[in-house]
Amino acid sequence: MNNAVRHRIAGLLIAALIFLADQGLKSWLVYGLKLRQQHVIELLPFFDLRWTQNFGVSLGLFTAGSPEGRWALVAMTGAIALFVFVWMMRERKMGDIVALALVLGGAAGNIRDRAEVGYVIDYADLHLGEWRPFLIFNLADAAITIGVLIILARSLLSSEKPDAKTEPAPES
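Residues numbered from 1 in each chain as written. Predicted model: local features only at pLDDT ≥ 70, side-chain atom pairs only at ≥ 80, totals over all residues. Heavy atoms only, no water.

Where we set the bar: UniProt positions are given in the numbering used here, feature names are shortened, and annotations may be inferred rather than shown by experiment.
Per an unreviewed UniProt entry, the recorded name for the chain is Lipoprotein signal peptidase, and the organism is Novosphingobium indicum. Among the UniProt annotations of the chain, the heading Catalytic activity (unreviewed entry) holds the following wording: "Release of signal peptides from bacterial membrane prolipoproteins. Hydrolyzes -Xaa-Yaa-Zaa-|-(S,diacylglyceryl)Cys-, in which Xaa is hydrophobic (preferably Leu), and Yaa (Ala or Ser) and Zaa (Gly or Ala) have small, neutral side chains." Its UniProt record, at the heading Pathway (unreviewed entry), says of the chain: "Protein modification; lipoprotein biosynthesis (signal peptide cleavage)."

Rendered as structure tokens:
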């Protein structure tokens, strides 16, 4: 088995671990800590667990207010996840595969929430007093964000140049 295949398998495992960790944590918060009933569990002066039902996607955009909207979001995010999966299966470099695996695993976790209960379960509330520099989020959101930031950093900071075509320069 060559390195590219091993890297892709590792990517699939990372995506699966992110998905399982996200779903396991949400299950523990919902059924173990009963966060939905408590609404807020204060942990630190700057971090609470706060029950939030997110009917939209990134930054609350495209809020699904109907069953049709819900399933349209499931389809749209599913198509994006499929695109990320195909992209990951074509990549060879482990850094790119890890970033895409984070995005894929996080997307799968949020897609499952939306398909199963109609919204994404968010709970992580970082704040400074009443000021909240971030929306309330979950592990899947964090994985997606970190994966996208890695992809952006790798593309912006990469010193690799695409191979130039080996055509002779035109004579003057």
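**Notes on the overall build of the chain**
This is how the line gets drawn: A run of H or I in DSSP counts as a helix once it spans at least four residues, and a run of E counts as a strand once it spans at least two, with each numbered from the N terminus. Classification of residues uses two cut-offs on accessible area relative to the type maximum, computed with a 1.4 Å probe and protein chains only: under 20% is buried, over 50% is exposed, and between them is partly exposed. For the area figures, the Shrake-Rupley method with a 1.4 Å probe applies, and any residue is considered shielded solely by the protein chains shown.
The helix and strand tally for the chain stands at five helices and three strands. Walking the chain from its N terminus toward its C terminus, one meets helices and strands in the order α-α-β-β-α-α-β-α. Burial statistics for the chain: of 172 residues in total, 34% are counted as buried. For the chain, the accessible surface area stands at approximately 11,000 Å², while carbon and sulfur atoms represent 67% of it.

**Some remarks on helix α4 (residues 94–117)**
Rules: Every helix has an expected span of 1.5 Å times one less than the residues it contains.
With 24 residues, α4 should cover 34 Å at 1.5 Å per step; its first-to-last C-alpha distance of 34 Å lies within 8% of that length. In the stretch just after α4, glycine 118 is the one whose phi turns positive, near 95°.

**Points about the packing of aromatic side chains**
Stated formally: Stacked, edge-to-face and tilted are the three classes for Phe, Tyr and Trp ring pairs, Trp counted by its six-membered ring, which pair at centre distances within 6.5 Å; planes under 30 degrees apart are stacked, over 60 edge-to-face, the rest tilted.
As enumerated under the stated definition, the model contains three aromatic pairs in all. On the basis of an interplanar angle of 85° and a centroid distance of 6.4 Å, the ring pair of tryptophan 51 and tyrosine 119 is categorised as edge-to-face. One end of the pair, tryptophan 51, is in strand β2 (residues 47–54); the other, tyrosine 119, is in the loop between α4 and β3 (120–126), and 68 residues separate them in sequence. Here a set of aromatic residues connected by ring pairs shows up, and it is made of Trp51, Phe55 and Tyr119.

**Considerations on the UniProt feature "transmembrane region" (unreviewed entry) in the chain**
In the numbering adopted here, UniProt assigns the feature "transmembrane region" (unreviewed entry) to residues 69–87 and 131–152. Helix makes up 100% of residues 69–87 and strand 0%, and the two end C-alpha atoms of the span are 27 Å apart. Taken as a whole, residues 131–152 contains 64% helix and 0% strand, while its terminal C-alpha atoms sit 28 Å from one another.

**Quick word on the packing of helix α1 (residues 3–32) against α4**
For the record, the criterion: Lines are fitted to the C-alpha atoms to define the axes, a helix being fitted only along its stretch in contact, and any angle between axes, read from their N-to-C directions, falls within 0 to 180 degrees. When the near helix sits turned anticlockwise from the far one by under a right angle, the crossing is termed left-handed; a clockwise turn instead gives a right-handed crossing.
In contact at an axis separation of 8 Å, α1 and α4 are set at 35° when each is read in the N-to-C sense. In this structure, α1 meets α4 at a crossing whose hand is right-handed.

**Examining the UniProt feature "active site" (unreviewed entry) in the chain**
Keep this limit in mind: Whether two residues are in contact is decided by their heavy atoms: any pair within 4.5 Å suffices.
When the UniProt feature table is mapped to this numbering, "active site" (unreviewed entry) covers Asp122 and Asp141. A maximum C-alpha distance of 8.7 Å among these annotated residues, which run over 20 residues, shows that they cluster at one spot. Other than its neighbours up to four places away in sequence, aspartate 141 contacts Asn110 and Asp122.

**Considering the packing of helix α3 (residues 67–90) against α4**
Spelled out, the test is: Note on angle classes: values under 35 degrees are labelled roughly parallel, values over 145 roughly antiparallel, values of 65 to 115 roughly perpendicular, and the remainder oblique.
Two numbers describe how α3 lies on α4: the axes approach to 9 Å, and their chain directions differ by 160°. Between α3 and α4, the angle is such that the two are roughly antiparallel. Like other packed secondary-structure pairs, α3 and α4 cross with a definite hand, here left-handed. Judged by residue contacts, Arg70, Trp71, Leu73, Val74, Thr77, Gly78, Ala81, Val84, Phe85, Trp87 and Met88 of α3 engage Ile97, Leu100, Ala101, Val103, Leu104, Ala107, Ile111, Arg114, Ala115, Glu116 and Val117 from α4.

**Topic: the pairing of β3**
For clarity, the threshold we go by: Paired strands, in this sense, are two strands between which DSSP finds at least two bridges.
For β3, the tally of buried residues reaches six of seven residues, placing the bulk of the element in the interior. In this sheet, β3 lies alongside β2 in antiparallel orientation, the contact comprising six bridges. Bridge assignment links asparagine 54 to a residue of β3, and that residue is valine 120.

**Section: the side chain of asparagine 54**
Here is the rule we go by: Two N or O atoms count as a polar contact when they lie within 3.5 Å, although within protein this holds only if one can serve as hydrogen donor and the other as acceptor, and sequence-adjacent residues are included solely when both atoms are side-chain atoms.
Mapped onto the secondary structure, asparagine 54 falls in strand β2. Polar side-chain contacts of asparagine 54 include one of 3.2 Å to the side chain of aspartate 122. Non-local contacts of asparagine 54, meaning those with residues more than four positions away in its chain, are made with Arg114, Tyr119, Val120 and Asp122.

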